Every structure is written in structure tokens, then in C-alpha cells.
Amino acid sequence: MFVLRRLPAAGPGVSGMESANGLLYLCATPIGNLADITLRALQILREADLVAAEDTRRTRRLLSHYDIHTPLVSYHEHNRRRQGEYLLERLAAGDTVALVSDAGTPGISDPGVELVREAVALGIPVTTLPGPSALLAALVVSGLAVERFVFEGFLPAKGADRNRRLAALAGETRTIVLYEAPHRLLKTLADLTVNLGERRACAARELTKLHEELLRDTLTGLQEHFTRQPPRGEFVLVIEGAGAASGAEAEEWAGLPLEDHVRLLMAEGLAKNEAIKKIARLRNLPRQELYKKIHVPE
Ligand code: SAM
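Residues numbered from 1 in each chain as written. Predicted model: local features only at pLDDT ≥ 70, side-chain atom pairs only at ≥ 80, totals over all residues. Heavy atoms only, no water.

Colleague: Before we move on, can you summarise the sheet that holds strand β9 (residues 213-218) with the specific residues and values?
Modeller: The five strands are arranged β6-β7-β10-β8-β9 in an open sheet whose pairing can be described as mixed. Each of the sheet's edge strands pairs with one partner strand only, and the pair in question is β6 (149-154) and β9. Neighbour-to-neighbour, the strand axes of this sheet turn through a mean angle of 15°, independent of strand direction. Two strands pair when backbone bridges link them, and strand β8 (residues 200-205) and strand β10 (residues 235-239) are joined in this way by five bridges, in the antiparallel orientation. Residue pairing for β10: A203 is matched across the bridge by L237. On top of the sheet, helix α8 (residues 219-228) reaches β8, β9 and β10; it is set at about 130° to β9, its chief contact. (Pairing = 2+ DSSP bridges. Helix = DSSP H or I, 4+ residues; strand = E, 2+ residues; numbered from the N terminus. Axes fitted to C-alpha atoms, helices over the stretch in contact; angles between N-to-C directions. Contact = heavy atoms within 4.5 Å.)

Structure representation (C-alpha cells):
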């Protein structure tokens, strides 16, 4: 334990020059391209008493690229209790600490958030050095609606929690942003298709890196693509909200009972399964729900 000393009211100066003591900086760092660092982040990384990094090897590369030699300590998921206490002690003693995550903005799907909470609770000044974040980078290039969006981070890998979160997303009308690991991408695309119905989506891969790729398609289109070409690298998935694209079209069909709609399409020559798939797309409804609701003979 440590005793919290009263700190001077430190904070970013109006002129852009930083006052130095007892301040936790949340320092955004590049999500790929090392040039995506702000001048202010470089200044603070150089002048801070300590840099606390989620991945010291990765941050050391960044620091040496910019010839910065500030002492570096680790702060990650597995040492956050012990190390958090140490960092709070240093902050309380008047030091400046720059917190750096693996990449992007500390606190977004990484352990930084806990240190912030504790520092705030102890009255330690916390400020931000804004910069890259994979979620915003992906959202704005997705081509989907950006006016209202919801960030879900990583979905639970399995079990009831995952199912609950997926079910809750089905009616979400805002654009949905998810992080996903490459080895789980296909499963997540499949689960999203089942729960949300067919939607437009964008898989933003390796943003700002050499192999950056933006795949704009439907959920099933993306599934097909990644079945042919197994996913590699880092991904953000951006998915359109319920009713976003086909709102007008869905409204047109809303007056026609579902079973009549199936019969109509079957009369046009579609098999029952194909008809249900098409209705899910036209009316923006989850396919799985339709299979349960519709009882028309094959
Ligand atoms: N704090 C980070 C931020 O602000 O973006 C996110 C940390 S989270 C542990 C890491 C996840 O972010 C990756 O699994 C991936 O989903 C996403 N990500 C990070 N860098 C990326 C990149 N260059 N391209 C695509 N996704 C990226």
C-alpha cells in the first residue's frame, strides 16, 4: 500500500507545453504504420519519467525508432494488480507516466482502463494524448453509416454469453464495430449471419500496414471470401445496423405475410430454402428465425 500525497493541479498547458508532475498520460500509439504518431505523443514519451507498456518489446521498437530512451516498464493483463500499484505510487510521488497499449488507444479492449479508474478514484490527474484507434479507423473507411455506431470489442469466444450478445445485436439499428482474432473470424461471420440475417459489412484487415485490405461485402460474401482465403493478421469487423440499407425495401414487403411471401417466391421457381434466404435479405430479418416461423410445404 502507499500513501497518496496531495498533488499540484497538473494538466496540459494552454500553450501545448505540458506541466510535468504527477500526471498519467494515456498515450495512443500507431496501429501499424510507425509514422502515425502525434508530435505531442513523441514529446511526452520523451519527457515522461516512465513509460508503462502492454507489450514492452513492441513499444521498445517504437521508442528506438524515434530515439527515445525513457525507462520502460510493463503493465499488462497478467501483472496489472502489482504493477498498477507501483505505477500509482510513482504517480502519487509526482512522476509523469505515459501509458501505452499494444497498439492504438490505451483503454480500448486492453487493460489500461483499470489504471485509469484507480487513478481517477485517487484524485491523480489523468489526461489523454489522442491518436490512432483501430475501431475508428475501420468505422470511417467502412463505407457504412457512421452517424450512430456501437462498439462491442471482442465477443465472448463461446457459451451463453456469446449467444446473448449475438441475440442482442440482432435488433441493433446502429452500425456495429467488433474486434476479432483471425482464427475466430469465420465462426463469428457465420454466427452473425445466423443471428442478424444478411447484412452489408466491412472486414478491415491490417489497417495502416503493408497488407492493409478493406473487404466490403455482405456477411455471407465475407464468409465465402475467407473460406477461400484463410484470414491472417488483425481485423476489425464493421456491420450495418438492422434496417440500415434495406429499410425502404423492407417496409415495402412488411404488409405481405411471411408465408405468402415464401409461396410467391416458390411460384417464381425458387426452392423453399432459397426463398427464405431471399426474404431474410429483402426484409432484413434473421434467417434462422424465418426457418422456425415459416411452415410452408417444400
Ligand atoms: N487499444 C487498441 C485500439 O485502440 O485500437 C485495440 C487493442 S485490441 C487488444 C487489439 C485488436 O484491435 C486486434 O485484435 C484487432 O481486432 C484490432 N486491431 C488493432 N490493430 C489493427 C490493425 N492494424 N488493423 C485491423 N485491426 C486492428
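Text resumes after the structure shown.
Colleague: Requested: an account of the packing of aromatic side chains, with residues and values cited.
Modeller: Applying the stated criterion to the full structure yields three aromatic pairs. When the ring of F151 is compared with that of Y179, the centres are 5.0 Å apart and the planes differ by 70°; the resulting orientation is edge-to-face. Of this pair, F151 sits in strand β6 while Y179 sits in strand β7 (residues 175-180), and the two are 28 residues apart along the sequence. By relative accessible area, Y179 is classed as buried at 10%. Considering the side-chain rings of F154 and Y179, the 5.6 Å spacing of their centres and the 65° angle between planes classify their relative orientation as edge-to-face. With F154 in strand β6 and Y179 in strand β7, this residue pair connects regions lying 25 residues apart in the sequence. Site record: aromatic cluster; members linked through ring pairs are F151, F154 and Y179. (Phe/Tyr/Trp six-rings, centres within 6.5 Å; stacked < 30°, edge-to-face > 60°. Buried < 20%, exposed > 50% of the residue type's maximum accessible area, 1.4 Å probe, protein only.)

Colleague: Can you lay out the site of the ligand for me, pointing to particular residues and giving the numbers?
Modeller: T105, I108, A134, L207 and F235 are the nearest of the 20 residues found near the ligand. The side chain of D110 places a nitrogen or oxygen atom 3.0 Å from a nitrogen atom of the ligand. A distance of 3.0 Å separates an oxygen atom of the ligand from a polar atom in the side chain of Y179. Protein coverage of the free-state accessible area of the ligand, which is 570 Å², stands at 92%. Only β7 and β10 provide two or more residues apiece to the shell around the ligand. Taken together, the residues of the shell around the ligand sort by class into ten nonpolar, five polar and five charged. (Near = heavy atom within 4 Å. Polar contact = N/O pair within 3.5 Å; in protein donor to acceptor, adjacent residues only side chain to side chain. Areas by Shrake-Rupley, 256 points an atom, 1.4 Å probe, with all protein chains shown as cover. Nonpolar A, V, L, I, M, F, W, Y, C, P; charged D, E, K, R; others polar.)

Colleague: Go over unusual backbone geometry, please, and point to the residues and values.
Modeller: At D67, a position not held by glycine, the phi torsion is positive, near 55°. Inspection of the secondary structure assignment puts D67 in the loop between α2 (56-65) and β3 (72-74). Residue D67 is classed as exposed on the basis of its relative accessible area, which comes to 53%. With a phi close to 50°, E206 is a non-glycine residue in the positive phi region. Within the secondary structure, E206 sits in the loop between β8 and β9.

Colleague: How would you sum up the sheet that holds strand β5 (residues 126-129)? Please name residues and give values.
Modeller: With parallel pairing, five strands are arranged side by side in an open sheet as β3-β2-β4-β1-β5. The strands lining the two open edges of the sheet, one partner per strand, are β3 and β5. In this sheet, neighbouring strand axes are inclined to one another by 25° on average, regardless of whether the strands run parallel or antiparallel. Two strands pair when backbone bridges link them, and strand β2 (residues 50-53) and strand β4 (residues 96-100) are joined in this way by four bridges, in the parallel orientation. For A52, the partnering residue across the bridge sits in β4 and is L99. Across the sheet, helix α4 (residues 112-121) is in contact with β1 (23-27), β4 and β5; its angle to β1 comes to roughly 155°.

Colleague: Tell me what's going on with the side chain of E180, and back it up with residues and numbers.
Modeller: Residue position: E180 is located in strand β7. A distance of 2.7 Å separates polar atoms of two side chains, one belonging to E180 and the other to T188. Residues in contact with E180, not counting those within four places in the same chain, are F154, R162, L185, T188 and F235.

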